[in-house]
Each structure stands twice: as structure tokens, then as C-alpha cells.
Amino acid sequence: MPLQVPPAPAPALRSVLTALGSPTAVSEARTPSLRTAQGPAIPELPLPVHVLDRITPEGVSATRLAGWRFLIRCGDRAVAAADTMLTPDGWAFSHFFEGPYIASTERALHQAEALPQTYQPRLLSLPGLYMLTLWLHGDRTADGAEGHPAATDLLVPLAPAPPGIAAHRPHLVAELLPVLTDRVTPAPLLITPARTPA
């Protein structure tokens, strides 16, 4: 079923279009594929980027909106992405980038379109694990900038995924969060009592 992509804030899209129209912004970006792309560069598929700062032992997650990401398409493929951020003056262009997450995001979005249920796509970053996932939110009419992962939402780890976590395999939040909790929770230190001299 088709995904219900949330609308990005208009100023965020305008800031990306302005950056794409700026030879300086494009030439200074560390994105050879964007600089050498043939044809028009078009920002599409805006995805809100949420950050999961902590997972409690109870599995309750605290997320915050970090920005909006646009895939930059040239011809038949995405060659880069553009991130925007919220500033005191509103949404502003942050930077262009490329790398494995671009193709991985596209692949995960295509996978999601084949699912029997319609989802709202978002990105969920877990900085503590150096992990990025496609977050498929079950409430497709929700405000893409708000909310937290529901137990029945799906998370699709993007490649490269952390060791032991399969990329591009959808997981229910209720199943994956406990695994991630174990990984981000530091193990207790074993303290042996000091021995008193005899």
C-alpha cells in the first residue's frame, strides 16, 4: 500500500530549494554525486528525523524532532540528501550529504510500500547505537513532527546496522526496543569487597 508521507514545513522545503539553487552551497558540499549529477536535482520524500535519546528499562522511549530530511533525486535515483534544522528564526537548510543511508532509505521505503498496511514514514536515529531506522508509524494522519514509537509501529534498521541487528528486516517496536535497551544500558560494575588483612 502507498505510504502516507507527512507534509514538511514549507520553510524547510524552501530552504533546501534555495540551497540547491546556490552554486556555492552545492560546490562546498561533500557530495561528489550531487556536484556531478546530470539534470535537475529535486528534493522529495520529506521525512521527519526523530532522535531517541534514551530508552528506560520499562521500554518507554523519549524522542525529539531533530529536523526534516529530503532525498535529492537526479533522474531515476536519489544521489544525496538534505537536512534541515529548526533555528530561532524558523526552519533552515543545514547540509547536504551522501553515503550508504541514502540507498538504504530508498530500499526501506520500497519495502514498506509492499506491506499490507499503510504507514507514515519517519526516520528514527539512535545515537547511542550509531543506528538509523525507518520508523513506520501506524497513525498515518498524525503530525509527523510529534509522537513517540507505539508498540505496534515498525522499525526497519537501515544499512549499515549495528552488529547483530539485521538491516532491512521490519521489527515491531515492542520486540526491538527491549533488545536495544539491553545494548544501551551499561552493565553494572562488579565490585568485590576489600579484603581485610588477617
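All of these numbers come straight from a predicted model, not from anything done at the bench. (Residues numbered from 1 in each chain as written. Predicted model: local features only at pLDDT ≥ 70, side-chain atom pairs only at ≥ 80, totals over all residues. Heavy atoms only, no water.)

J.: Tell me about the overall build of the chain, and please be specific about residues and values.
T.: Along the chain, the regular secondary structure elements total 5 helices and 8 strands. Looking at the 198 residues of the chain, the share that counts as buried comes to 42%. Considering only residue pairs separated by 6 or more positions, the chain has 53% of its internal contacts joining residues 24 or more positions apart. As displayed, the chain offers around 10900 Å² of accessible surface, 59% of which is attributable to carbon and sulfur atoms. (Helix = DSSP H or I, 4+ residues; strand = E, 2+ residues; numbered from the N terminus. Buried < 20%, exposed > 50% of the residue type's maximum accessible area, 1.4 Å probe, protein only. Contact = heavy atoms within 4.5 Å. Areas by Shrake-Rupley, 256 points an atom, 1.4 Å probe, with all protein chains shown as cover.)

J.: Could you give an account of the pairing of strand β3 (residues 77–87), with specific residues and numbers?
T.: In this sheet, strand β4 (residues 90–97) lies alongside β3 in antiparallel orientation, the contact comprising 7 bridges. Each bridged residue has a counterpart across the sheet, and for L86 the counterpart in β4 is W91. The hairpin formed by β3 and β4 contains 2 residues between the paired strands. (Pairing = 2+ DSSP bridges.)

J.: Give me the lowdown on the nonpolar core, citing residues and values where you can.
T.: Core analysis: the biggest nonpolar cluster contains 19 residues, and L123, L134 and L136 have the highest contact counts within it. Sorting the residues of this core by element identifies β1 (42–55), β3, α4 (100–113), β6 (131–137) and β7 (154–157) as the ones contributing at least two each. If you tally residues by element for this core, the top one is α4, at 4 residues. Once residues lying within four places of it in the same chain are set aside, the contact partners of L123 are L47, P48, V49, H50, R69, L132, T133, L134, W135 and L158. (Core = buried A, V, L, I, M, F, W, Y, C linked by side-chain atoms within 4.5 Å.)

J.: Hey, could you go over the packing of aromatic side chains for me, with residue numbers and the actual values?
T.: In this description, an aromatic ring pair is defined by two values, namely the gap between the centres and the angle between the planes. Within the structure shown, the criterion is met by 1 aromatic pair. Their ring planes at 50 degrees and their centres at 4.7 Å tell us that F93 and F96 sit as a pair that is tilted. For the cation-ring pair, R122 lies above W135, with the distance from its terminal atom to the ring centre recorded as 4.7 Å. (Phe/Tyr/Trp six-rings, centres within 6.5 Å; stacked < 30°, edge-to-face > 60°. Lys NZ or Arg CZ within 6 Å of the ring centre and 35° of its normal.)

J.: Give me the confidence of the model for the chain: which residues, what numbers.
T.: Overall, the prediction assigns the chain a mean pLDDT of 86, with 87% of residues at 70 or greater. Put simply, helix α5 (residues 173–184) is where the chain has its lowest mean pLDDT, 77, and β7 is where it has its highest, 96. (pLDDT = per-residue confidence, 0-100.)

J.: Please set out helix α1 (residues 10–20) residue by residue, giving values where relevant.
T.: Buried residues of α1: A12, S15, V16, A19 and L20, and no others. Taken down its axis, α1 places every buried residue within 135 degrees of arc, on the same side. (Arc of directions from axis to C-beta.)

J.: Describe the pairing of β7, and please don't skip the residues or the numbers.
T.: Burial along β7 is two-sided: the residues L154 and V156 and L155 and P157 are all buried. With 4 bridges connecting them, β6 and β7 associate as antiparallel partners. The partner of L136 across the bridge, within β7, is L154. Both β7 and strand β8 (residues 171–172) contribute to a ladder of 2 bridges, which runs antiparallel. Considered in β8, the bridge of L154 is made with L172.

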